[in-house]
Amino acid sequence: MKLKLPAPPIPASLKSPPRRPDEERPSKVEGAKEAGISAVDWVDERTSLSGGVRWMLFRKVPRGTNWAYTLGSATMFAFLNQAMTGVFLAMYYDPSATNAYESARYITNEAFLGEFVRGMHKWGSTVMVVLVFLHMGRTFFWGAYKYPRELNWVVGAVLLVLTMLMSFTGYLLPFDQKSYWATIVGVNINGTGPLVGPYLNDFLLAGPDFGATTLSRFYAIHMLLVPGLIAALIGAHLYLVARLGTTAPPWLKAEKNPELRKESV
Amino acid sequence: MAKDRRKAKSKYTADRSIPGAFEGETVTRRRFMTGTVHASGAIAGAAIALPALGFAIGPVFEKKPVQWEAIGPVDDFGPDEYIPKVFTETYGIGDVGKTTAYVRQHNESIDGPQKDEYDAFVAISTKCMHLGCPVRYSSAAERFICPCHGGVYDFQGKRAGGPPVRPLDRFYTRIRNGQVEVGPRYSVNAELRRFSPRYPGEPIDGIGQYLYPSRPTARKLPNS
Amino acid sequence: MNRQEKEEYLREYSILKSQGKPFFPYAVAKDSIMAVVVMGVIITLSIVLGAELGPKADPTTTTYVPRPEWYFYFLFELLRIIKPNWLVPLATLGIPTICLILLFLLPFFDRGPERRPEKRPIATTLGIFVIAAMAYLTYLGASAGSPNSIELATPASVKQSGGTMLAQFEAGRQVAAQSGCLACHKFGENGNAGPGPPLTDVGRNLPAGAISRTLINPTPPMPSFKDLPKEKFDNLVVFLSQLK
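Here the structure is a predicted model, which is why all the values come from computation and not from measurement. (Residues numbered from 1 in each chain as written. Chains lettered and ligands numbered in written order. Predicted model: local features only at pLDDT ≥ 70, side-chain atom pairs only at ≥ 80, totals over all residues.)

Draft legend 1. Structural context of the interface of chain A and chain C. With 64 residues of chain A at the interface, the matching set in chain C holds 60 residues. Among the secondary structure elements, those contributing two or more residues to the side of chain A that touches chain C are α2 (50–58), β1 (60–61), α3 (71–92), α4 (100–109), α5 (114–141), α6 (150–172) and α7 (177–191) of chain A. Among the residues making up the side of chain A that touches chain C, the classes are represented as 38 nonpolar, 15 polar and eleven charged. Bridging between β1(A) and strand β1 (residues 21–22) of chain C involves two bridges; their strand directions are antiparallel. Note that in β1(C) the partner of A:Val61 across the bridge is C:Lys21. (Contact = placed C-beta atoms within 7 Å. Helix = DSSP H or I, 4+ residues; strand = E, 2+ residues; numbered from the N terminus. Nonpolar A, V, L, I, M, F, W, Y, C, P; charged D, E, K, R; others polar. Pairing = 2+ DSSP bridges.)

Draft legend 2. Molecular detail of the packing of helix α9 (residues 208–216) of chain C against helix α10 (residues 230–241) of chain C. All names here are of chain C. Relative orientation of the contacting elements α9 and α10 amounts to 125 degrees, with a least axis distance of 9 Å. Taken as axis vectors, α9 and α10 run oblique relative to one another. For the pair α9 and α10, the crossing hand works out as right-handed. For the pair α9 and α10, the contacting residues are Ala208, Ile211 and Ser212 in the first and Val237, Leu240 and Ser241 in the second. Tallied by class, residues from the contact of α9 with α10 come to four nonpolar, two polar and no charged. (Axes fitted to C-alpha atoms, helices over the stretch in contact; angles between N-to-C directions. Parallel < 35°, antiparallel > 145°, perpendicular 65-115°, else oblique. Left-handed = near helix turned anticlockwise from the far one by under 90°.)

Draft legend 3. Broad picture of the nonpolar core. Counting 116 residues, the largest nonpolar core has A:Ala78, A:Phe175, B:Val103, B:Ala123, B:Cys133, B:Val135 and C:Leu240 as its most contacted members. Looking at this core element by element, the count peaks at eleven residues for α5(A). Not counting the four nearest positions on each side in its chain, A:Phe175 is found in contact with A:Ala100, A:Tyr101, A:Ala104, A:Tyr180, C:Lys56 and C:Ala57. (Core = buried A, V, L, I, M, F, W, Y, C linked by C-beta atoms within 7 Å. Buried ≥ 20, exposed ≤ 12 C-beta atoms within 10 Å, placed from the backbone.)

Draft legend 4. Here's a closer look at the domain arrangement of chain C. Assigned domains of chain C: these are domain 1 (1–53), domain 2 (58–144) and domain 3 (156–241). Here the C-alpha centre of domain 3 of chain C lies 57 Å away from the C-alpha centre of domain 1 of chain C. (Domains from an automatic or database assignment.)

Draft legend 5. Inspection of the environment of A:Asn201 at higher detail. One can find A:Asn201 in helix α8 (residues 197–205). Linking A:Asn201 and A:Glu110, residues 91 residues apart in sequence, is a C-alpha distance of 35 Å. Aside from chain neighbours lying at most four places away, what touches A:Asn201 is A:Val187, A:Asn190, A:Gly191 and B:Tyr199.

Right, here's the structure in full:
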């Protein structure tokens, strides 16, 4: 038996008009598409985002843009990989001096796909460092840091420093021999700065020696402070790229518009 | 002239084409509101930042208690040979708080006369004073050797070569109930004079002791 | 760049840009393919090389030889080659800080309008020089041997004679590695360059007798090894005299 529910009390103005006899019944796909478009329209009506997105996506990139121009986005992608795998590692990791190694061992040897995810994080950092340097080399040799992109170079240089800071703080977390001694050396390098060095060491180690809260301090810097800064600066970097446009390869000379040439003759 | 021009200026923002001016807004009102924004913003910002900063740098001012640990009977240690001993330097973090020191009896022919009650035994830290790597004592060469950047120290822990900036740090030692006990760490300059503990890589000869101050709460033992 | 050059660049750039293709989907397609390649490399590395976890951190060790991750090797080697101890702050902070400041300020002192690398000889040469220097330091850092072992190949003549000779040679290698010779002498890639002379081929210049006399009665600052047990001492002399 078919149960017929009463129609909801929708005002007549909101009801879609009845289909005309000569009109075709819309297909399922059409209907889904329609629903998607109207949902996007609903959001756009309230945010006016479409203008910005259109500006970002359909701006032109200069003629001659080649594979060397993908190094920046590749670096960002490596960073996203780090962020993603880092979140999953954080679910198992315990940043205490007594348990850190045990939790790293658990991730590596026992957690399902643990070594794979940790490997992605570890090798992702190497790949990211390589890509950062390649990206910087391309920018340097092709003179892409010159007017009007000076500020973007500075933002990029800060991102380089932050990336190195990420590798340095991440180093300690597995808490094996290599981590521990590399961190000791790294921290003591800071200590050789006159006047402020010793205090910087105290701040980093959270005390006079490697202590109970040193690891959690490095952990907080590694997964909250620096990634936040990196994400914000990547946003600024990208905005400037979109605003100023990516450079063309330096060897490329603009051909004068043929019509303009005709005029000048 | 200048005075006249200032007088001629209108007191309304609209007349001075200040951005965002509206009917009837005076310059002083705009100034007052701008000042309010800056002052309250600064207070709110400081209220977030200062406690966080204090919390982060608090450990700098934490005082480390003086603790002594027995490492063996007095007869175990001779004047010519170092014996490595493991003991706890930082409490509460298990094995990670442990450290190794090379210990021997005070040797008058090398070290000169004994300075005080903390000097009957020499306990030398294994942290290289270049950047903190673990040094190893080679008894054949009578040298401490750092595996990282090539630091070498002689029998007394004084620098014999490579980049280290000062002799190896030492620990206070004392004798209680026939046992040798090790206490807090201290640093020494090239003449082996005692200083409050510094980090590796920080010279304390000459002007160094002022360029690289120790923690405000880390002091030498009294009367030492 | 003066104002005219700036305007000229912007005009040139706007023409190149107008002749280009839209970012989406043309540039994004390249970026996405690159992203796939990057992920492929990361996953391959992760599967092939895995994530090795070393022994647990042990602050009490006296035998561990710390080495950094490969991308800090250049810094590690910088710290190794700058020997005078009053230069330590320069090696640890001075040189890296100066390089970093120069890097930050690059667009403010290099303001010429030229962008082609072959037309900017100073910048390009400097860039290549920095990369070459870092690569060389990285190579040196990567090949820096431990000061607790000697990895020199056993000479063919010793291998041929075999028997007692070979046994003594290998035992002497152990003695040399454990007696701190590497603190002041270089054996191949192992050990520190100075203050003592390299001993990679010491047997070529000195006969066994001279070596043993030097070991007992050395010139300071080298310590005397006369207190070594007789057997160890003999093995050490055999080892050194066969290094040719």
